[in-house]
Structures are given as structure tokens and as C-alpha cells.
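If you want the building blocks of each chain, they are given just below.
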Amino acid sequence: MKKIFNTTISLPFFFTIFFLEMPAIKNKDSISPECQITKWDLPVALKTETPKNLPVLVQRLPVGCCESDASCLDNRIYGNEQEKIADKKALIKSIDQSLKYLKTGRATAAYQRYKIPGITKDRVYRSLQRFRQLLLSTNSALELQAAIEKEFIYYQSIGKDSQGTVLFTAYYEPLYLASRKPTKEFKYPVYRLPPNLRSWSRPHPTRLELEGADGLQGAKGKLRGLELFWFRDRFEPYIVQIQGSGRLKLTDGTITTIGYAGNTAYNYKSLGRTLVEAGKLPENGVTMPTIFEYFQKYPQDLNVYLPRNNSFVFFRETYGRTAQGSVGVPLTPERSIATDKSLMPPGALALIRAPFPFVNKKGELENRTVSRFVLDQDTGGAIKGAGRVDYYLGTGDVAGDRAGVTVSDGQLFYLLLK
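The present account deals with the structure reproduced in this document. (Residues numbered from 1 in each chain as written. Predicted model: local features only at pLDDT ≥ 70, side-chain atom pairs only at ≥ 80, totals over all residues. Heavy atoms only, no water.)

1. What to know about the pairing of strand β3 (residues 152-157)
Strand residues, when the strand is regular, have side chains that alternate between the two faces of the sheet.
Now for step 1: Counting buried residues in β3 gives six out of six residues, a clear majority hidden from the surface.
Now for step 2: Pairing analysis gives four bridges linking strand β2 (residues 57-60) to β3, with the strands arranged antiparallel. Within β3, the residue paired with R60 across the bridge is Y154.
Now for step 3: In this sheet, strand β15 (residues 407-417) lies alongside β3 in antiparallel orientation, the contact comprising five bridges. Bridge pairing in β15 links Y154 to L415. (Buried < 20%, exposed > 50% of the residue type's maximum accessible area, 1.4 Å probe, protein only. Helix = DSSP H or I, 4+ residues; strand = E, 2+ residues; numbered from the N terminus. Pairing = 2+ DSSP bridges.)

Rendered as C-alpha cells:
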């Protein structure tokens, strides 16, 4: 399969997205307007003239599937002609991770703070258990859908417009070449969490103050001795900071991983937005590939625009472990999402429906609207409000290519037993 983009840079994992608006991608959908929009929006009866009166999640009956709309069903669970991968086992494994989380004191504390009436830790737990039983006992997406309509209700996000519209982006775990020791080739570090970070005076030092404009001055200040791994390219440690994790192929041939350990007390500033504000890129059509191409053409500008993001992220070595979400469990490709955990129920079962890019037989990306049952297991600093979801696509170049151009509107539902 040919490479879609000549880079392993991905959409941001933990803090934000690079792009502002995605260019057109070939669309494979042939769904009637009624199936594509009307059935999935908030029902008219649930809308009010004053959106402020709406709760963040609105209770409704499950969406009935149009006969001609295959995208209504999560065929990936069982596999079919269009969904080549059958990942029932992966979905069950992800459910088990959420069940494990829901038994922790951390989950108990989170649900004691959760304010949506009717959504409790016990109800979420029982709903996951029952859904798991249905997965084991059903043999088709239609059979599963019929059971859901009989036993479950939906809680739909009001979205970014109080109409149910949710913006979807995607993230993945990049793979970079790195070194445990600094060399002439590997000279750009990522850092461990400072043990005295809590005692640092506020405001914290900025990115520019911590590592300098060129990213090479960390040993002269508070970061001295905290270097964890070194990279060849100035951009790579920055991307890993935005992603929140990374898989590293070391110069001795071994593989390891790093994960988020903490950050300074600054909000993230989008690199894409920074370049637009500076007049370097147009307002429309800014994606990860266009940003990467800009810095390939003007590498000296990395030292100008990267330091404008004051936030700085620290890491710990995780020794090959799967990337973990904010609830402390491993993420599952195509089955884990990140949302605003001040609003959405952690660890809960959800249904997402939106257009996502897929690689076709020609090695090209084309959008296809799909439904996916997912587990809400992660969060992110830029994933704020009822209208944002980040979808985890896994590890590697293909996942990164897809994540790099994922931005679309769709819907988000949580499934709970009646």
C-alpha cells in the first residue's frame, strides 16, 4: 500500500488539533438525506427555543436504521464485504478495560462529581456488562441493533450547536527513531517530569524560557538532567508533546514507549492558528500535511513559531506498554474516544457516527460515514464542550495518515440500560 503522506506526524493526541478546516476528500457515501441527517439529529420534540435549558446529554430512543443505510450499523464488529476487519474481540477487550476502571476508587470519585441525572457508575457498569453479553450472543450487526433498541436508551450529546452536531478529529501513536544518549545527530530532547514542579513559582516558565528558541537550551536551566530521549528533528519532540505519547525505535534496535507525565500551567496554543494569525497560511485548508510542508520549506521558522506555544509537556518511559487514556486503561484502536470528562461519563459505552477517511484499494483516502460502538476512555486539553470528540486510530503510518485529515461533523450517543 502506498504511503498517503511522506511523514509520521499525526494529529495531536493530548492537547489540540493542528488543522482548521479539512480540504475535500473523495466521499464514498450514498446515503439518503433522511438517513444521513434527520434521524441522527436531536429529535425536534427535544429541542427548545432556549438551548441553555438543554442538558448536555438528552435522553432519547435509539435511532432506527434506514433499510438502505448500512452506515447505521457497526459492521466492523462482525465484518462484511465493506468492513474487512472483524474486531469483536477487540471491542470486548476495550469493554473489559472500562469495567476494570469502573471498579476503582478513581471511578467512584469521578461519578460522585458527575452531574447528569440518571447516569451513575452502577448503571454504566451494568450497561457495559449487558452489552458485552449481547456481543457474545449475537452474530450480526442487525441482530445486535434489534437487542439494543429493545433494552437500551440513548443519551445524545447536544453538540456544539444544541442540535446534536459534534466535531470529530482523530489521533494516533507516532513512531520515531530516537536515542538514549545525545549525539551530533540526536540532539533534541524530551524531558522527565521535574520532581519539584509543584514548587515552581507561578506563572511557570514558558516554552521559550525552558528550552530556548532552538529547543537546545534546556540543560542551561530548570530542565538540566531531566533529558529522557533525544530526537534528530526539531519538530519530533514537539509533536510527541502534543500527542502525549510516542513509540520509539532506539538506535540499538530496541523499541520502547513514552507516556504523558505532566505539563506546565499554560493552555496550549494551536500551531495552525499561530501560522494563520501570522499570515503564513490561509484561513481555510490548514491540515497537518500543509503545516509540515510549510516547515519543510521554511525550517528556520520552527524557532519562531514553536516557542509561541507556552505549554510544555513532560514524559515517563512506559517500556512498550500500549498508549493509555486519561482513565488509566489502554486505548483500543477504533474503539476508544476522548471527550471532555467534566461533561461526559468516563468509561461509558458510546455510539459515534461520522464520516472518517479510509484507505481504498488504490491506496487513496476516501470518506465513508460509519457507526462505531466505542468506550469513552480519554480526554484532552483542547477537547472541550459537548461538541468535541477525538477518535483513537492506533499506531503507525496508516493510522497517522488517516488521523492527519480527520475532521468532520457527526453525532455522539451514550448507551444505557432502560
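Read on for the rest.
2. Quick notes on the sheet that holds strand β8 (residues 245-250)
Now for step 1: Taken in spatial order, the six strands of this open sheet run β6-β7-β5-β8-β9-β10, and their pairing is mixed. A single partner strand is all that each edge strand has here, and the edge strands are β6 (188-191) and β10 (313-317). Sheet twist, expressed as the average angle between the axes of neighbouring strands with direction ignored, equals 45°.
Now for step 2: Running over the sheet, helix α7 (residues 235-243) touches β5 (175-179), β6, β7 (227-231), β8, β9 (255-263) and β10 and is turned about 125° from β5. (Axes fitted to C-alpha atoms, helices over the stretch in contact; angles between N-to-C directions. Contact = heavy atoms within 4.5 Å.)

3. Side note on the pattern of salt bridges
Now for step 1: Tallying each qualifying case throughout the model produces 17 salt bridges.
Now for step 2: Between R130 and E151 there is a salt bridge, and its shortest N-O distance comes to 2.8 Å. Taken as a pair, R130 in helix α4 (residues 121-137) and E151 in helix α5 (residues 141-151) lie far apart in primary sequence, 21 residues in all.
Now for step 3: For R130, a relative accessible area of 26% gives the class partly exposed.
Now for step 4: The class for E151 is partly exposed, based on a relative accessible area of 22%.
Now for step 5: The salt bridge partner of R232 is E185, with a shortest N-O separation of 3.5 Å. You can see R232 sitting in the loop between β7 and α7 and its partner E185 sitting in the loop between β5 and β6, a full 47 residues away along the chain.
Now for step 6: We classify R232 as partly exposed; its relative accessible area is 40%. (Salt bridge = Lys/Arg side-chain N within 4 Å of Asp/Glu carboxyl O.)

4. Quick word on the environment of D409
Now for step 1: Of note, D409 is situated in strand β15.
Now for step 2: On the accessibility criterion, D409 (39% relative accessible area) is partly exposed.
Now for step 3: C-alpha of D409 to C-alpha of V166: the two residues are 243 residues apart in sequence and 5.4 Å apart in space.
Now for step 4: Look past the residues within four positions of D409 in its chain and what remains in contact with it is K160, T165, V166, L167, F168, A354 and P355.
Now for step 5: Among the polar contacts listed, one links the side chain of D409 to the side chain of K160, at a separation of 2.9 Å. (Polar contact = N/O pair within 3.5 Å; in protein donor to acceptor, adjacent residues only side chain to side chain.)

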